[in-house]
Amino acid sequence: ALYALNALLGERIKEASATQTQGKTLLDVYGEIELPLIPILFRMEERGIRLNTEAFKKMSDEMTAELGILENQIYSFAGKTFNINSPKQLAEVLFVDLKIPTTNIKKNKTGISTASTELEKLRADYPIVALIEQNRELFKLKTTYLDALPKLVDAHSRVHTTYHQTIAATGRLSSTDPNLQNIPARQAWSERIRGAFEAESGQVFVGADYSQIELRIAAHLSGDANLREAFLRGEDIHRKTAAVVFGVEPEAVTPDMRRQAKVFNFGILYGMGAFGLAQAEDIDQKAAGKFIEAYFERFSGVAAYLEASKAFAREHGYVETELGRRRSVPEIQSHNVQVARSGERMAVNMPVQGLAADIMKLAMIAADQMAEEKYPGKAQMLLQVHDEIIFEVEASQATDFARDLKHIMEQVYTLR
């Protein structure tokens, strides 16, 4: 594996690997994960995924009509027509013509900001703002997906993405031209857009998604007794966290409390403090601070692990995944507080998200091998999206293949 590298980079990897645990080094990551993945990604890119361009055209026409209605409603509130997608014209309408107060609204180089995060502060009091947000959302869906993707299909109506192994510092795969890891998922329109990606005749999609993999890895790496126990018992981890941070019994947790707890669970893994969580949840910073205290009191192992990750990064200038993938974090040693905090967030997040990426890549290699050996010509890997692998499988083989895929993905790496 080493000889396939540029000589200088090869020496650097060799030197770094000599300082790591045997069998869990950068050289192992390169030779056992990244290199075997290259032909798999090539076949995925080459195969592509079928897109129903007629369905996209129909949706685009419907969305054009819906956008027209929204635009007229916005013009009615504004008292004039203007370019809604022009930040300058929009700011003039909102803050000059309609005299909406700008007390808590940020300013940028061109004037008062009309970014979504700023407009969000005004939505409850000004109906035009909710309409503008809807218009932006639909316009983005239309231009980014409905109008753009059909232009990228080949003669067989298949669209081909390009995967990158060297872009994300955590080791996650990224997808471009087009980005098929970012197809929207949580709105009525999104469901229809996703539904226009189709399996070939006589075949079906089989997708397998790791359940809460990053939180499971946090339990594994930190050894936190409460977090591990929750997973071993098969409890709803977000409900359990909600019960802790809100100080109620699990059965008293409301859907909104669970949703907030989910933000907390992932926010804390991403190194967010009270300010970040308060902004994400639109709650008082002091209340967010109390929630974090309650969380760390109950999940003290997680708190200790996060602090240990930061301390390691400050001392060594890098962090690693359990398998040896390494990320430099010189930012954490900066005298600039904001830069150092950014480094802390990287130090906390990378070992968790990086191990999730390593496990997913190992799963792709094992699943591809299983498909070739047991289902030759009947199952092809098409996409990798976050914690999910999607295959196109002969319909008659789908049930058996799904069972085998589940088994392979569960056995590829053992967490505590």
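Read on for a plain summary of the structure. (Residues numbered from 1 in each chain as written. Predicted model: local features only at pLDDT ≥ 70, side-chain atom pairs only at ≥ 80, totals over all residues. Heavy atoms only, no water.)

1. Some points on the packing of aromatic side chains
A complete count under the given rule lists nine aromatic pairs for this structure. Each ring, one from F56 and one from F197, has its centre 6.2 Å from the other, and the planes form 90 degrees; the classification is edge-to-face. Of the two residues, F56 sits in helix α3 (residues 53-78) while F197 sits in strand β7 (residues 197-198), which places them 141 residues apart along the sequence. The same class applies to F56 and to F197, which are both buried. Summarising the aromatic geometry, the rings of F312 and Y318 are spaced 5.6 Å apart at their centres and angled 80 degrees between planes, so their arrangement reads as edge-to-face. With relative accessibility at 17%, the residue Y318 sits in the buried group. Three or more aromatic residues link up through ring pairs in this structure, and these residues are F246, F264 and F291. For the cation-ring pair, R326 lies above Y318, with the distance from its terminal atom to the ring centre recorded as 3.8 Å. (Phe/Tyr/Trp six-rings, centres within 6.5 Å; stacked < 30°, edge-to-face > 60°. Helix = DSSP H or I, 4+ residues; strand = E, 2+ residues; numbered from the N terminus. Buried < 20%, exposed > 50% of the residue type's maximum accessible area, 1.4 Å probe, protein only. Lys NZ or Arg CZ within 6 Å of the ring centre and 35° of its normal.)

2. Describing the side chain of H220
Considering the arrangement of structural elements, one finds H220 in helix α8 (residues 213-222). Under the relative-accessibility criterion, H220 is labelled buried at 9%. Beyond its immediate chain neighbours, meaning those up to four positions away, H220 contacts E322, L355, T414, L415 and R416. (Contact = heavy atoms within 4.5 Å.)

3. Side note on the sheet that holds strand β1 (residues 49-51)
Read from one edge of the open sheet, three strands run β4-β1-β7, paired in antiparallel fashion. The open sheet is flanked by β4 (158-159) and β7, the only strands paired with a single partner. Of the strand pairs in this sheet, β1 and β4 are connected by two bridges, and their pairing is antiparallel. Residue pairing across strands places R50 opposite R158, the latter belonging to β4. (Pairing = 2+ DSSP bridges.)

4. Let's talk about the sheet that holds strand β8 (residues 203-209)
Spatial strand order, β8-β12-β11: three strands in an open sheet with antiparallel pairing. With partners counted over all chains shown, the strands left at the sheet margins are β8 and β11 (379-385), one partner each. The average angle at which neighbouring strand axes cross in this sheet is 25 degrees, direction not considered. Bridge analysis of β8 against strand β12 (residues 388-394) gives seven bridges, and the strand direction is antiparallel. What sits directly across from F205, in β12, is E392. (Axes fitted to C-alpha atoms, helices over the stretch in contact; angles between N-to-C directions.)

5. A few points about the nonpolar core
Proteins that are soluble and globular tend to have nonpolar side chains buried together. Formed by 100 residues in total, the largest nonpolar core has its most connected members in F56, F197, M364, F391, F401 and L405. Counting residues per element, this core draws most heavily on helix α15 (residues 337-374), at 13 residues. For F197, the residues in contact, after removing those within four places along its chain, are I49, R50, L51, F56, L149, V159, L180, I183 and F205. Formed by seven residues, the second largest nonpolar core is a distinct cluster that contains A313, V319, I332 and M346. (Core = buried A, V, L, I, M, F, W, Y, C linked by side-chain atoms within 4.5 Å.)

6. A word on the side chain of R158
Looking at the element boundaries, R158 is found in strand β4. Of note is the side chain of R158, whose polar atom sits 2.7 Å from the backbone oxygen of R47. At 2.8 Å, the side chain of R158 and the backbone oxygen of G48 are in polar contact. Residues within four places of R158 in sequence aside, it is in contact with R47, G48, I49, R50, L152, V153, E200, L382 and E392. (Polar contact = N/O pair within 3.5 Å; in protein donor to acceptor, adjacent residues only side chain to side chain.)

7. With respect to the pairing of β11
Residues in a regular strand project their side chains so that they alternate between the two faces of the sheet. Among the seven residues in β11, six count as buried, and that is most of the element. In this sheet, β12 lies alongside β11 in antiparallel orientation, the contact comprising six bridges. Looking at β12, one finds that Q380 is bridged to E392. Counting the residues that bridge the hairpin from β11 to β12 gives two residues, and of these H386 lies at a positive phi of roughly 55 degrees.

8. Regarding the packing of α8 against helix α9 (residues 225-232)
Their axes nearest at 8 Å, the elements α8 and α9 cross at an angle of 130 degrees. Between α8 and α9, the interaxial angle falls into the category oblique. The two elements α8 and α9 meet at a crossing, and its hand is left-handed. The residues of α9 that touch α8, namely those facing L215, R216, A218 and A219, are L227, R228 and F231. (Parallel < 35°, antiparallel > 145°, perpendicular 65-115°, else oblique. Left-handed = near helix turned anticlockwise from the far one by under 90°.)

9. Side note on the pattern of salt bridges
The full count for this structure, using the stated rule, is 30 salt bridges. When the shortest N-O distance is used, the salt bridge between R43 and D368 registers 2.6 Å. Here R43 is found in helix α2 (residues 26-47), whereas its partner D368 is found in helix α15, with 325 residues between them in sequence. For D368, a relative accessible area of 13% puts it in the buried group. Counted as one network, the salt bridges with shared partners bring together E34, R325, D358 and K361. (Salt bridge = Lys/Arg side-chain N within 4 Å of Asp/Glu carboxyl O.)

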